[in-house]
Amino acid sequence: MTIHNAISVEQGCCTMYIFKLSTEDLLSNYIISNYDSVRETGYQRPPVESHYKKIARYLAAAGSGQILPMSIIAAATREDISYQGNELTIEGRLRIVDGQHRIKAIEYLRDGKNPKYNDKYKELANDYEFPVILLTADETDSALEMDTFININSKGKRVSINLAKELCEKKMQADLTKHEIGLNSDTYENLATQVVKLLAHDKASLWYERIQMGDELGFQKPVSVGTFARSLRRLTSWIADMVVEGARVISEEEAGKTADLTKRAVERLWRTVQGRWPECFEEPKQYNLLKGLGVSVIHRLFESCIGEIRSSDPEKVLEDAQEAFERYLDRTDVEAEEWMVGGIFTGFSSEQGYGIIMNILRGEKKLSELDDQ
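Here's a quick rundown of the structure. As the structure is a computational prediction, the values presented were derived from the model and not from experiment.

**Side note on the sheet that holds strand 6 (residues 81–84)**
Strand order in the open sheet made by the three strands is 1-7-6, with antiparallel pairing throughout. In the strand order of this sheet, the two ends are held by strand 1 (2–3) and strand 6, each with one partner.

Structure, rendered in C-alpha cells:
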C-alpha cells in the first residue's frame, strides 16, 4: 500500500507517520493483534459487541453529519516501511493499536442484514476518510505498541484491568530477556501476575479454569487475574527479596525462581484450604472462598505465618509457614457456611474486613464478635 502526502513525526526515539485512509483502504489493510493468554501473543482485548454496535447505530442515524474525529493508531515494523519525500509505502497490513471498535462498527454496517446499515456503509465507502497515526517498531507486538495501548486505554476509556496487568507482565518478561530490571512496586506486581498466569494455565493446578484472564469476556469464573495477583503481591515481594538476597535488581533466572517458589507455595496452601472446606470448591459460585474476599483473606493469613519465621532461605520459610498455616486451619471453628455468599463474612470485603476474618482464622477473635461489627 502506497500513501501520498504522509507526514513524518519524531517523538523521542519513535518515528511516526500521519496520513489518511479511505474506508475501503482501511478495511482492506488492517489486522488486530488479539491477546491470547495461553500462547502469550498479541495485546488487544476482544472486541465488545455492544460497543461497536453502538458506534454503528450512531453512524447509521439520520443525516450525514456523524464524525469519528479521533485518529486510528496503528503500528508496523520498520523493515516493512519505506518513506521518500512524502510518499509512504507499507508492506503487509497495519496492526491496529487503537480503533478496532470503530473498524468493527464499519464492518457491521457492511456485513449486517439491515438494508439501512448496508446503505450507510456504501455512503461511507464513497467519501468517508480516517486519520491514521502509524507507529514504527523493531518487532511485532513491541513494547512500544503495548505501552501505547495501555496508556490510551487506562485514561478516558478504561481497558480491562486484567488485560492491563497481563500486558505489563508480558512486557516485563520481554525486558528480562535483555537485562536485569529494578525491583520496585511494579516489578513485584508483575511477578505476582506471572504466578497467577502459571496457576491459571497449569492443568494440574487447583486453580485451572477458575481464574478470569484478560482475554476472556464476561465474569464466568470465581476470581479475576487482577484480584488474585493483587492478593499475592506482598507474598511474591517477600520471596523475590529472599531470592535476590538483598539486591535491588532481579534477573530472568531469579524472576523464574521467584514465580516457581510462589506458585508451589500457593498450590500447597490451597490444597490445605480445599481439605478444610471442600464444599466451597464443589460449588464455588455459592461461596466467597474462591472469590476476591477469600483469596485476599487466605493469602493474608499465610503472609502472617511468614512474618513469624526468621530465616533467609525461601524454601525453609515457605515450609515452616505452611506448617503454621495448617495448624491455624486445624484449630479454627470457621465452617463452610461462614464463607457462603450472603453469609456472615459477606460484608467484610475491605482491607479492614480481610484483617478481621484473618484474626478469626488465627483464633485471635471470635466468630460471635462479628455480630457487633
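**Regarding the nonpolar core**
Judged by nonpolar contacts, the single largest core of 60 residues is most densely connected at Trp207, Ile211, Phe228, Trp270, Trp277, Leu289 and Trp339. Other than its neighbours up to four places away in sequence, tryptophan 339 contacts Trp277, Cys280, Tyr287, Asn288, Leu289, Leu293, Gly294, Val297, Val334, Phe345, Ile357 and Leu361. Core analysis: the next-biggest nonpolar cluster, separate from the first, contains 35 residues, Ile3, Leu21, Ile32 and Ile55 among them.

**Here's the deal with the sheet that holds strand 2 (residues 7–11)**
Across the sheet, which stays open at both edges, the six strands sit in the order 2-3-9-5-8-4 with mixed pairing between neighbours. Every other strand in the sheet has two partners, leaving strand 2 and strand 4 (30–31) as the edge strands with one partner each. Running over the sheet, helix 3 (residues 100–111) touches strand 4, strand 5 (72–77), strand 8 (94–98) and strand 9 (129–137) and is turned about 115° from strand 8.

**Points about the side chain of threonine 332**
In this fold, threonine 332 is placed in the loop between helix 12 (314–331) and helix 13 (336–339). Judged by relative accessible area, threonine 332 falls into the buried class, the value being 8%. For threonine 332, the contacting residues outside a window of four places in its chain are Arg276, Trp277, Ile360 and Leu361.

**Quick look at helix 3**
Here helix 3 contains 12 residues, and its C-alpha end-to-end distance of 16 Å stays within 8% of the 16 Å for a straight helix at 1.5 Å per residue. All of the buried residues in helix 3 are Gln100, His101, Arg102, Ile103, Ala105, Ile106, Glu107 and Leu109.

About the cut-offs
Residues numbered from 1 in each chain as written. Predicted model: local features only at pLDDT ≥ 70, side-chain atom pairs only at ≥ 80, totals over all residues. Heavy atoms only, no water. Pairing = 2+ DSSP bridges. Helix = DSSP H or I, 4+ residues; strand = E, 2+ residues; numbered from the N terminus. Core = buried A, V, L, I, M, F, W, Y, C linked by side-chain atoms within 4.5 Å. Buried < 20%, exposed > 50% of the residue type's maximum accessible area, 1.4 Å probe, protein only. Contact = heavy atoms within 4.5 Å. Axes fitted to C-alpha atoms, helices over the stretch in contact; angles between N-to-C directions. Expected span 1.5 Å × (residues − 1).

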